[in-house]
Amino acid sequence: MSIHPVVLVGGGPGAWDLITVRGMRALQDAEVIVADHLGPTAQLDKLCDIDAKELIDVSKIPYRAQVAQERINEILVDNARQGRRVVRLKGGDPYVFGRGFEELTALTAAGIPVEVVPGVTSAVAVPALAGTPVTHRGVVHAFTVVSGHLPPGHPKSLVDWTALAQSGATLSVIMGVKNAAAIAAALIDASLSPHTPVRIIQEGSLDGERAFQCELAELGTTMEENSVAPPAVIVIGEVAGL
């Protein structure tokens with residue numbers, strides 16, 4: 001029995017027509033689609049004949065019950081060993097906080113070939129769709145994509161918020177809804193101006209998209225007053241005020 005490569009596909013920021021052509025073709029060729037809740041999962045019928053495929057939901061919804069990564073790896077390996085054409089569909093890009101390399105490592109260790117199809121990360125695409133660039137000539141020449149899933153000061157956090165505050169770069173924070181107020185406080189404590197412009201975009205590229213503008217000192221209050229919920233991208237820096 002021949003083993004087909006498992007294809008790790010980045011589905012883009014959410015809307016079905018923001019996936020790459022290569023990613024769409026991989027979905028059309030697949031027999032099994034192992035999908036997250038982000039990306040174009042809810043609109044797969046626009047990309048392929050979903051009724052002719054097995055769809056396995058392995059969503060990792062923040063602060064709710066999640067499918068363990070080890071179990072996802074097992075699903076990918078088991079289906080590939082059965083000779084099935086498997087696509088692992090992720091939101092954004094597989095290698096931008098998508099655990100794509102973890103899955104590649106597990107599959108490779110099991111002797112299964114892997115193909116990676118990059119996707120458009122929401123950290124850049126969502127602000128762009130909402131009218132906010134992450135760089136702009138004469139304003140800022142750098143940007144940093146940072147995960148906010150752990151608050152500043154958490155023992156497992158690998159983020160140096162003090163260095164980010166002093167970098168002069170645009171900060172595009174994803175997975176930071178719950179910890180937004182703490183992130184703002186840490187950046188201000190590290191000398192970033194409390195008047196720094198901030199743009200918040202919830203459900204970017206989808207029908208439910210909402211965007212809010214505030215200053216850094218008002219970030220937590222703005223999130224709470226508007227009941228901002230994941231997924232959302234928070235852009236911090238002068239470009240957020242353009």
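None of these values were measured; they are calculated from a predicted model. (Residues numbered from 1 in each chain as written. Predicted model: local features only at pLDDT ≥ 70, side-chain atom pairs only at ≥ 80, totals over all residues. Heavy atoms only, no water.)

Trainee: I tried to follow helix α6 (residues 180-189) on my own but got confused; where do I start?
Mentor: For the α-helix, the turn length of 3.6 residues means that residues three or four positions removed from each other point alike. Buried residues of α6: A180, I183, A184, A186 and L187, and no others. The arc that holds every buried residue of α6, seen down its axis, measures 165°, which confines them to one face. Buried residues along α6 sit against α5 (161-165), β7 (170-174), α7 (219-225) and β10 (232-236). After α6 finishes, the residue S191 shows a positive phi value of roughly 95°. (Buried < 20%, exposed > 50% of the residue type's maximum accessible area, 1.4 Å probe, protein only. Helix = DSSP H or I, 4+ residues; strand = E, 2+ residues; numbered from the N terminus. Arc of directions from axis to C-beta. Contact = heavy atoms within 4.5 Å.)

Trainee: Would you mind going over the pattern of salt bridges with me for this structure?
Mentor: If the charged atoms of two oppositely charged side chains come close together, the side chains can form a pair. Tallied over the entire structure, the rule returns six salt bridges. The salt bridge involving E74 is made with R71; its shortest N-O contact spans 3.1 Å. Within this pair, E74 and its partner R71 are both found in helix α2 (residues 69-81), separated by three residues, close to a single helical turn. Using a relative accessible area of 42% as the deciding quantity, one classes E74 as partly exposed. Of the charged contacts in the structure, one is a salt bridge between E103 and R88, with a shortest N-O distance of 3.1 Å. Of this pair, E103 sits in helix α3 (residues 100-109) while R88 sits in strand β4 (residues 86-90), and the two are 15 residues apart along the sequence. (Salt bridge = Lys/Arg side-chain N within 4 Å of Asp/Glu carboxyl O.)

Trainee: In this structure, what is going on with α3? I would like to understand it.
Mentor: What α3 keeps buried is the set G100, E103, L104 and L107. Viewed end-on, α3 has its buried residues packed into an arc of 100°, placing them on one side of the element. Facing away from the buried surface of α3 by more than 90 degrees, the exposed residues are F101 and A109. Looking at the buried side of α3, the elements it contacts are β1 (6-10), α2, β4 and β5 (114-117). Positive phi appears at G111, one or two residues downstream of α3, with a value of about 80°.

Trainee: Honestly, the environment of D45 in this entry has me stumped. Any pointers?
Mentor: The topology assignment puts D45 in the loop between β2 (32-35) and β3 (54-57). Sequence spacing of D45 and W16 is 29 residues, and the spatial spacing of their C-alpha atoms is 9.4 Å.

On their own, these measurements won't tell you what the molecule is for.
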